Amino acid sequence: MLQLKEYQQRSLEALEQYFRAICRHGAKAAFVLAMERPYRDVPHMENMPYVCLRVPTGGGKTFMACHSLHIAAREFLQAERAVCLWLAPSNAIVNQTLEALKNRHHPYRQVLDAAFSGNIKILELTEALYVTRADLDGATCIIVTTLQALRVTDTEGRKVYESAGALQHHFSDLPPMIRSSLEKTTDGTIDYSLANVLSMRHPVVIMDEAHNARTPLSFDTLNRFNPSCIIEFTATPETKHDPQRGLFASNILHHVSALELKEAEMIKLPIRLRTRAAWQEIVSDAIQTHHMLTKEAEKEQKQSGEYIRPIMLLQAQSVTGNDINVDTLKQTLITEFHIPEEQIAIATGSQREIKGVDLFDPDCPIRFIITVKALAEGWDCSFAYILCSVSEISTARSVEQVLGRILRLPRAKKKENEALNCAYAFAASPNFIHTANSLRDALIEGAGFQKMEAADLIVPDKPQDLFDTGTLFVESSETLSEAPDLEDLPPDLSPRVAYNSESSTLTVRGLLSNEQKELLQQRCLSEQDRQAIERIYHASQGRVAAASGKVERVTLSVPRLGIRIDNQLELFEEDHFLAIPWNLAECDPSLTEKEFPSDYANGEAGQIDVTEDGHVQMTDYIREIHTQLSLFEYEKGWTLAELTNWIDGKIPHPDITQVQSSLFIHNVLTGLMDARKLEVEHLARHKFRLIQAIKEKIETYRLFHHHQAYQKILFESETEIIETSPELCLIYNPDHYAPNWYYEGGYQWKKHLFHLVGELKSDGEEFECALFLDSLDEVEIWVRNLERRVESSFWLQTSTDKFYPDFVCRLTDGRILVVEYKGADRWSNDDSKEKRALGELWSERSKDQCLFIMPKGPNFESIRQKIH
């Protein structure tokens with residue numbers, strides 16, 4: 001089965017943790033606790049969880065959505081199955097999604113089958129109009145449609161709200177609690193409609209590309225289905241919030257950066273851009289690049305066995321107009337560039353020559369596809385490498401839909417030949433910078449890239465493209481001893497050079513040519529300042545000039561903590577103490593009232609009310625969801641042994657034998673039955689809460705025993721087996737520094753290892769700590785250490801997880817300094833104590849080559865004292 005990428009796992013874990021927190025705090029408070037920003041309500045659904053996972057184009061949103069359904073069922077609904085309303089943005093995407101979900105060999109369906117034990121039923125909207133009660137009771141039912149199709153104004157939508165005899169059996173023997181919440185006719189009888197069927201099942205709504213669905217009309221439509229929760233997956237969420245103007249911002253729970261996709265080998269980056277004024281010349285350049293890529297693909301197949309046939313997308317100005325239309329472009333390819341006609345396909349609204357064609361088939365001849373504004377929605381072929389526009393790319397909208405088609409990397413795997421890891425854009429334009437800005441905006445507005453990263457992911461295909469036309473996006477700064485003479489600089493240089501007299505800083509935006517560098521050096525009076533210009537010159541091209549004048553790329557290597565076993569040094573990880581045995585069956589199985597409350601177990605359900613306009617108001621939303629869904633569960637014939645085995649199968653415990661786990665669970669159940677006089681039927685009815693309580697109890701014991709084993713190995717074992725050694729160095733690599741988000745403040749960092757600083761807010765004490773390090777004379781270079789990047793960040797193993805300190809520095813004397821900022825209110829808690837002891841152990845075993853400091857709040861002078 002296809003495995004999740006690390007960034008996908010991080011996103012889904014954020015969703016999982018949120019759903020767990022909801023059951024304790026509610027949707028709003030859980031969001032605020034997780035994100036430290038307000039939760040935005042939408043009309044009529046104030047208590048319902050409505051969150052967004054932001055994933056750029058090419059990030060595998062549908063695959064993640066399949067995983068999210070099981071997370072919602074397990075963690076939020078606490079149910080074995082669920083009803084899901086899967087809303088796609090168009091009919092084309094609906095058909096594409098249905099085809100994938102119905103195919104038992106497709107990775108999407110395999111995820112669902114594994115999560116729900118194969119009890120899956122996939123329905124299109126017309127099929128859902130005849131869904132049976134047995135289907136909903138016995139399987140996870142997923143209805144795939146569009147939001148537009150659910151509106152009353154749509155022909156199909158009207159059928160969703162009409163009474164139908166085929167659905168009447170769903171409404172027999174309903175409890176009053178459910179009947180009171182359903183829509184009724186004017187005479188007070190219940191509508192036997194699909195809308196009511198779904199309403200009483202509280203569907204999980206998955207919204208694919210939700211940026212056009214956050215309107216009052218959309219919310220009214222969704223509310224009629226009484227969803228339990230709504231999960232958005234989109235590259236471009238709504239970020240403005242002004243309810244009076246009908247704007248409702250998405251509650252973004254987690255967002256993925258383009259660099260994370262690149263690191264995960266999902267997309268082709270950077271995009272190499274070339275422009276020319278004459279369209280025939282730019283087509284010629286694009287075809288030459290296509291020939292180059294074809295040869296590289298042939299080499300790739302010999303090296304790795306992977307077949308790739310690079311495809312070029314050509315964007316004409318119109319279909320049949322008097323300008324450079326589709327036919328003109330096709331004839332140019334055939335007559336002037338001798339492209340065989342069978343290698344060319346036209347994809348417009350009227351000509352769909354790639355419909356039904358398997359472009360991945362080695363026997364398919366197509367290498368050039370001509371379009372105008374857009375390919376068919378949902379079209380996706382990772383063989384598309386080149387976008388060539390024969391007209392000027394003047395706006396993001398003119399190219400954003402087609403640009404996304406060339407980003408996906410074939411097989412989501414980095415290629416041996418570097419040229420095949422990039423995308424290529426060619427445009428007939430006299431202005432490279434204007435075109436680059438339009439492409440950058442297209443990446444932000446259409447593909448969901450963040451502003452800070454989009455600027456760096458478009459590069460010139462040829463260096464002279466920039467030297468002749470001005471600037472791109474990178475800024476380089478140096479401190480000068482005195483102000484340079486910047487009068488009468490050439491017009492291609494003057495707008496992008498600035499001197500700040502207060503900070504004595506010279507900033508240059510974009511690349512410098514050698515001639516421009518020499519000109520700026522002539523305007524400086526001291527040799528020291530001329531060397532600063534030399535450093536700006538090399539930094540603008542991604543290099544660093546050392547004080548000696550030698551150009552080199554700065555690297556940062558950090559020794560890690562190891563354990564010596566059989567005279568072999570290994571990186572110290574959790575496996576070294578998790579393997580120490582312990583016996584769960586010997587632990588106390590009793591659950592306290594707080595861990596598993598008796599009153600809730602006995603079915604207290606709170607109050608429910610229906611307003612005059614028919615909207616359900618719940619005093620305890622989460623409890624009502626669980627209570628109403630439990631009314632459709634039929635817990636018959638459970639024995640103690642069956643319930644024990646069922647719970648055991650639902651709790652992962654690879655470190656505990658089944659003999660121990662089943663005995664412990666049996667003791668928990670018998671303890672509840674004896675102490676609280678609860679019957680097996682009561683426990684079975686609330687088995688998902690019981691699973692959670694038992695899981696947390698087991699985890700408590702697990703952590704206790706792991707902590708004991710951890711302490712014994714690290715702090716009580718022989719000193720010589722634990723060491724900090726350069727043999728186990730982590731080397732920070734710019735290709736793997738992939739922040740989830742970026743620092744966007746105004747301060748220009750002077751010593752950060754990489755151009756962009758990841759995951760650092762522009763205010764607060766953590767920012768002040770970074771500022772202190774950047775200005776400290778003893779610090780040569782530093783990096784913001786990213787959390788949860790096992791392969792690319794520095795970490796130390798604690799008894800529960802991996803500890804990622806905030807900052808890693810190299811001092812001017814060559815020593816490594818690691819800084820973990822901790823607020824004064826948290827400096828003395830158990831977690832901080834463990835991290836501090838671990839960091840000091842790492843430092844102690846380094847033989848004075850490494851330092852660790854955890855300042856108590858804003859006491860940054862303690863860092864300077866530690867160094868000295």
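Details of the structure are given in the entry above.
The rules behind each value
- Residues numbered from 1 in each chain as written.
- Predicted model: local features only at pLDDT ≥ 70, side-chain atom pairs only at ≥ 80, totals over all residues.
- Heavy atoms only, no water.
- Salt bridge = Lys/Arg side-chain N within 4 Å of Asp/Glu carboxyl O.
- Helix = DSSP H or I, 4+ residues; strand = E, 2+ residues; numbered from the N terminus.
- Buried < 20%, exposed > 50% of the residue type's maximum accessible area, 1.4 Å probe, protein only.
- Axes fitted to C-alpha atoms, helices over the stretch in contact; angles between N-to-C directions.
- Parallel < 35°, antiparallel > 145°, perpendicular 65-115°, else oblique.
- Left-handed = near helix turned anticlockwise from the far one by under 90°.
- Contact = heavy atoms within 4.5 Å.
- Nonpolar A, V, L, I, M, F, W, Y, C, P; charged D, E, K, R; others polar.
- Core = buried A, V, L, I, M, F, W, Y, C linked by side-chain atoms within 4.5 Å.
- Phe/Tyr/Trp six-rings, centres within 6.5 Å; stacked < 30°, edge-to-face > 60°.
- Polar contact = N/O pair within 3.5 Å; in protein donor to acceptor, adjacent residues only side chain to side chain.
- Pairing = 2+ DSSP bridges.

Describing the pattern of salt bridges
Next up, step 1: Summed over all chains, the structure comprises 45 salt bridges.
Next up, step 2: With a shortest N-O distance of 3.2 Å, E16 and R74 are connected by a salt bridge. You can see E16 sitting in helix α1 (residues 6-25) and its partner R74 sitting in helix α3 (residues 61-77), a full 58 residues away along the chain.
Next up, step 3: Judged by its relative accessible area of 16%, E16 is buried.
Next up, step 4: The partly exposed category is assigned to R74, whose relative accessible area is 28%.

What about unusual backbone geometry?
Next up, step 1: In this model, L269 is joined to P270 through a cis peptide bond whose omega is 0 degrees.
Next up, step 2: With respect to the helices and strands, P270 occurs in the loop between α12 (258-263) and β8 (271-276).
Next up, step 3: With a phi close to 55 degrees, R788 is a non-glycine residue in the positive phi region.
Next up, step 4: Inspection of the secondary structure assignment puts R788 in the loop between β25 (779-784) and β26 (796-797).
Next up, step 5: Within the chain, K847 stands out as a residue other than glycine whose phi angle is a positive 60 degrees.
Next up, step 6: Topologically, K847 is positioned in the loop between α29 (830-844) and β30 (850-853).

As for the environment of D735
Next up, step 1: Counting through the fold element by element, D735 comes out in the loop between β24 (722-731) and α28 (765-775).
Next up, step 2: A residue is classified by how much of its surface remains accessible, and D735, at 45% relative accessible area, is partly exposed.
Next up, step 3: Sequence-wise, D735 and E263 are 472 residues apart; in three dimensions their C-alpha atoms are separated by 6.9 Å.

Examining the packing of helix α24 (residues 640-650) against helix α25 (residues 658-676)
Next up, step 1: Viewed as axis vectors pointing N to C, α24 and α25 meet at an angle of 125 degrees, and their least axial separation amounts to 9 Å. Viewed along their axes, α24 and α25 adopt a mutual orientation that is oblique. The hand of the α24/α25 crossing is right-handed. Where α24 abuts α25, its residues L640, L643, T644, I647 and D648 lie against Q658, S661, S662, I665, H666, L669, T670 and M673.
Next up, step 2: Across the contact of α24 with α25, the residue classes tally to six nonpolar, six polar and one charged.

Points about the packing of α24 against helix α27 (residues 687-715)
Next up, step 1: Following both chains from N to C, one finds α24 and α27 inclined at 60 degrees, their axes separated by 10 Å at the closest point. When the axis of α24 is compared with that of α27, the two are oblique. The hand of the α24/α27 crossing is right-handed. Residues L643, W646, I647 and K650 of α24 form the contact with α27, whose participating residues are K687, F688, L690, I691 and I694.
Next up, step 2: A breakdown of the residues in the contact of α24 with α27 according to their chemical character gives seven nonpolar, no polar and two charged.

With respect to the nonpolar core
Next up, step 1: Judged by nonpolar contacts, the single largest core of 163 residues is most densely connected at Y18, F19, Y50, L194, V283 and F449.
Next up, step 2: The leading source of residues in this core is α3, at 10 residues.
Next up, step 3: Counting 31 residues, the second largest nonpolar core, distinct from the first, contains L556, F577, V783 and L796.

Remarks on the packing of aromatic side chains
Next up, step 1: In this structure the tally under the stated criterion is 27 aromatic pairs.
Next up, step 2: A centroid spacing of 5.2 Å and a plane angle of 75 degrees characterise the contact between F577 and Y710, whose relative ring orientation is edge-to-face. Taken as a pair, F577 in helix α21 (residues 575-578) and Y710 in helix α27 lie far apart in primary sequence, 133 residues in all. When sorted by exposure, F577 lands in the same class as Y710, which is buried.
Next up, step 3: Through successive ring pairs, a cluster of aromatic residues spans Y743, Y747, W749, F767, W782 and F807.

Re the side chain of R836
Next up, step 1: Within the element layout of this structure, R836 appears in helix α29.
Next up, step 2: A polar contact is formed between the side chain of R836 and the backbone oxygen of W827, at a distance of 2.8 Å.
Next up, step 3: Setting aside residues up to four positions removed in sequence, R836 forms contacts with W827, F852 and M854.

Side note on the sheet that holds strand β15 (residues 475-479)
Next up, step 1: Strand order across the open sheet formed by three strands is β15-β17-β16, with antiparallel pairing between neighbours. Taken across any chain shown, the strands that pair with only one partner, and hence form the sheet edges, are β15 and β16 (497-500). Neighbour to neighbour, the strand axes of the sheet diverge by 20 degrees on average, direction disregarded.
Next up, step 2: Relative to strand β17 (residues 505-509), β15 is paired through five bridges, and the arrangement is antiparallel.

What to know about the sheet that holds β24
Next up, step 1: Taken together, the three strands give an open sheet; going across it, the order is β21-β20-β24, and neighbouring strands pair in antiparallel fashion. Only two strands of the sheet have a single neighbouring strand rather than two, namely β21 (568-571) and β24. Taken pair by pair, the neighbouring strands of this sheet meet at an average axis angle of 50 degrees, ignoring direction.
Next up, step 2: As paired strands, strand β20 (residues 557-565) and β21 are joined by four bridges and run antiparallel to one another. Within the sheet, the bridge partner assigned to G562 lies in β21 and is L571.
Next up, step 3: Relative to the sheet, α29 contacts β20 and β24, its axis offset from that of β20 by approximately 90 degrees.

Focus on the environment of D220
Next up, step 1: By secondary structure assignment, the location of D220 is in helix α11 (residues 216-223).
Next up, step 2: When its relative accessible area of 37% is taken as the criterion, D220 is described as partly exposed.
Next up, step 3: The spatial distance from the C-alpha of D220 to the C-alpha of P43 is 7.7 Å, given a sequence separation of 177 residues.

Purely geometric numbers; function is a separate question.
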